[in-house]
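# Remarks on the overall topology
In case you want the letters, here they are:
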Amino acid sequence: MNPAKRISELTEKLNYYNQRYYMDSVSEISDQDFDLLLKELESLENQHPDLKLPESPTHRVGGTITKNFASVEHRYPMLSLANTYNEQELIDFDERVKKGLNGEAYEYICELKFDGISLSMTYENSIFVRGVTRGDGVRGDDITNNVKTIKTLPLKVAVPRGGTFEIRGEGFLPYSSFEKMNADAEAAGEESYANARNAASGSFKLQDSGEVARRGLDAYVYQFLSDEEVFTTHEESLIALKNLGFNVSPTWQKCTDIQSVIEYIKLWDEKRYSLPLATDGIVIKLNSIAQRAELGYTAKNPRWAIAYKYKAESKPAILKAVTYQVGRTGAITPVAELDNDKLNGKGIHLSGTTVKRASLHNANEIERLGLRIGDTVFVEKGGEIIPKVTAVDVSKRDMLSTQEIVYPTTCPECGGQLTRKEGEANHYCTNEKGCPPQIRGRIEHFIHRKAMNIDSLGEGKIELLYDKGLVNDITDLYDLTYEKLFGLEKVIEDELTGKIRKIGFKEKTVQNILEGIEKSKQAPFKQVLFGIGIRYVGATVAEKLASFFKNIDNIKNADYETLRTAPEIGDKIAQSIGEYFQNEENQIFIERLRLAGLQFSAQDEVKEFEGDQLTGKTFLYTGTFVNFEREALEQKIEANGGKVVSGVSGKLDFLIVGEKPGASKIQKAQKLNVRMISEEEFMAMLA
Ligand code: IVH
């Protein structure tokens, strides 16, 4: 079949299935068949990059890298809304509307105020062409490739009367994706985000759209703008957008007077916690587009709409006790154990969930709040998922029945000494080698996907190995044998449900564990360096150190100043590395791992390909490759004398085209007559 025809047919089909799946929750095709069609499309697009359509579903998986987002002017400025905080201010707003419309009848549409990132999406001739952030309202950043990863956003739609228009909406990271992303980041020793809004904002600004796609962003749309007059009411536009396949939150409601607006506010005060994202209020908009024009704008806000902000719900609770959690690094986190005033163990009901615990962060926070056990405290849940103690109700304090909080000096888990370094807020348990949660935590970190990637082990199995005395230290993993593992078992009771689960090591499990451990000996140095768990050395820092210092001995022997010369190594990290290697136990630990056969040198990774076949040639790549990660490809080019450049220009010798290449690079290369080669051709150049 003619490739152009097949590409267009596949694009249309896949977009249709996507739409049915993400918007209507209907699978008209099995995952397998969907993937087959997608693969077929990808392969056709690779063979004919010029035939790839702008609305192709292959854009959704990302794969482009944007170094700097271009700043673009909004065709229609992105205004903000005036805020109100109480009923009276709303009634005043309604009075102004009534007066402005000289007694005409009017209606409002109420919507939730979604706490995400404002986005402006432009469609030209029915095709999505640009996604832009709000910026300062006049100009924003062009984040088109990242917006394209939103699966619920149609990339092609047929709007009646002209296909050129703008859609405004709120981009967000659903709670479920946020929690997964943060858990991954924490396990990888990287910083986690305080709330889903910050995570969404950070994700929309990532340079690698492939990573953006993995995070699973979404958007609700709530505004249609065009030069033509397409809709006469807002209600009409919301219904039409929904029918066209846009993700319109079904939470909107038409209200014919301000009293029903106030009822809507009350209705959603609690109910909003069942939504997949944070909301911080509601938005009230005049329904008629003609009446909106009559009222117009102030310098900053429309006169036809207003936001009502909910107060963060705050409720009293009794501080029953403070407990202390010990993390992988030995950091102690005090936790407020809370209950209602009947002290019946049921906790308090706050913003749609039951709350029994709240983080107190550190000793300073306890001091700042002036807490005593038995106090009545106020607990609040704002945009964050974890509730916080905001204040003490001192009027309820009875000095006889409340007790002072004495911060422990020893670890609640192992009895080890606690210390607090100058300038740091956290206390740490110093018994690194003997404290159970620290030991288990270090092993869990070591097997993590970004470290040794031993996925046949997990939290439960590690606990079992630790409890049976088989693994007291990471190095013990490499002494495990079939005989030691076979037949081990443990019964685990789920604290909440009381359900009993049994972990048992049968033949297959044991084989998988041993194979996983064996395979870990091939994991590259940067992963080993991350896995051994030096404080402040996360996956990214480990990668930088590995490529700068090449092997563990160079890092070990580097003094503070030398460490600081490495890219992105600041004072805190350099100090921490220095301290780590001064400790003799750590040196023995590393020697044991070296003996076990782990990789402590980065040179091995590129050595076998060294040569000068590529000397004097410049390279750039686009897309993904079968044999290399991006970084490995760069290493290979450089190890063979070539140079990697950052953009397509007339001086570029070769553009290596992988799977899912970026259309703009291909187009530019074609225009400038740059030679394009496949991954195989590149490999042939090395041979
Ligand atoms: S309408 C002319 N509707 O709130 C104003 N905005 O301060 C058009 N927002 O920047 C905005 N949910 O990011 C509108 N249902 C909703 C909204 C909403 C959240 C955000 C939006 C805007 C800010 C207004």
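For the structure, check the block above.
Along each chain, the written sequence defines residue order, and numbers are assigned to residues from 1. Confidence filtering applies because this is a predicted model: local features only for residues at pLDDT of at least 70, side-chain atom pairs given and counted only at 80 or more, and all residues used for totals across whole chains, interfaces and linings. To get the side-chain values, take all heavy atoms of the structure and skip hydrogens and water.

### Quick look at the sheet that holds strand β2 (residues 83-84)
As summarised here, the arrangement of the 5 strands in space is β2-β11-β10-β3-β9, forming an open sheet in which the pairing is mixed. One side of each edge strand has no neighbouring strand; the edge strands of this open sheet are β2 and β9 (253-255). Paired strands, in this sense, are two strands between which DSSP finds at least two bridges. Only runs of H or I of at least four residues qualify as helices and only runs of E of at least two qualify as strands under DSSP, and these elements are numbered from the N terminus. Bridge count between β2 and strand β11 (residues 305-309): 2 bridges; the pairing is parallel. Directly across from Thr84, in β11, lies its bridge partner Tyr308. Two residues form a contact once any of their heavy atoms are found within 4.5 Å. Angles here are taken between N-to-C directions and fall from 0 to 180 degrees, while the axes themselves are lines fitted to C-alpha atoms, restricted in helices to the stretch in contact. Of the strands in this sheet, β2, β3 (108-114), β10 (279-286) and β11 touch helix α3 (residues 87-100), which is tilted by about 175° from β11. Strands in contact with helix α8 (residues 234-244) are β3, β9 and β10; relative to β3, the strand with the most contacts, it is inclined by about 55°.

### Here we look at the environment of Gly578
One can find Gly578 in helix α20 (residues 571-582). The sequence separation of Gly578 and Val394 amounts to 184 residues, and the corresponding C-alpha distance is 47 Å.

### Comments concerning the packing of aromatic side chains
For any pair of aromatic rings, the description rests on two quantities: the centre-to-centre distance and the angle between the ring planes. Classification of ring pairs rests on two measures: the distance between centres of Phe, Tyr or Trp rings, Trp counted by its six-membered ring, which must be within 6.5 Å, and the angle between planes, read as stacked under 30 degrees, edge-to-face over 60 and tilted in between. Overall, the coordinates contain 23 aromatic pairs when judged by the stated rule. Considering the side-chain rings of Tyr21 and Tyr22, the 4.9 Å spacing of their centres and the 85° angle between planes classify their relative orientation as edge-to-face. To sort residues, take the accessible area from a 1.4 Å probe on protein chains only and compare it with the maximum for the residue type: under 20% means buried, over 50% means exposed, and anything in between is partly exposed. Assessed through its relative accessible area of 43%, Tyr21 is described here as partly exposed. Measuring from ring centre to ring centre gives 6.4 Å for Phe446 and Tyr478, while their planes differ by 90°; the resulting arrangement is edge-to-face. Pair noted here: Phe446 is in helix α12 (residues 436-446) and Tyr478 is in the loop between α13 (459-467) and α14 (482-485), with a separation of 32 residues, a long-range link. Phe446 sits in the buried class, given a relative accessible area of 0%. The class of Tyr478 is buried, set by a relative accessible area of 14%. Positioned above the aromatic ring of Trp268, the side-chain terminus of Lys271 is 4.5 Å from the ring centre. Either the NZ atom of lysine or the CZ atom of arginine qualifies as a charge over a ring when it sits within 6 Å of the ring centre and within 35 degrees of the ring normal.

### Considering the pattern of salt bridges
Any Lys or Arg side-chain nitrogen located within 4 Å of an Asp or Glu carboxyl oxygen qualifies as a salt bridge. Counted under the stated rule, the structure contains 36 salt bridges. Between Arg592 and Asp479 there is a salt bridge, with its nearest N and O atoms 3.4 Å apart. In this pair, Arg592 sits in helix α21 (residues 584-596) while Asp479 sits in the loop between α13 and α14, placing the two residues 113 residues apart along the sequence. Asp479 sits in the partly exposed class, given a relative accessible area of 39%. Each member of the salt-bridge network shares a partner with another, and the members are Arg6, Glu9 and Glu40.

### Side note on helix α17 (residues 539-549)
If you check which residues of α17 are buried, you get Ala539, Val541, Ala542, Leu545, Ala546 and Phe549. All buried residues of α17 fall inside an arc of 160° around its axis, so they share one side. Buried residues in α17 make contact with α16 (525-531), α18 (552-557), α19 (560-565) and α20. Directly beyond the C-terminal end of α17, a positive phi value near 70° is found at Lys550. Along the arc lie the directions from the helix axis toward the C-beta atoms.

Limitation: the analysis is restricted to geometry and does not speak to function.
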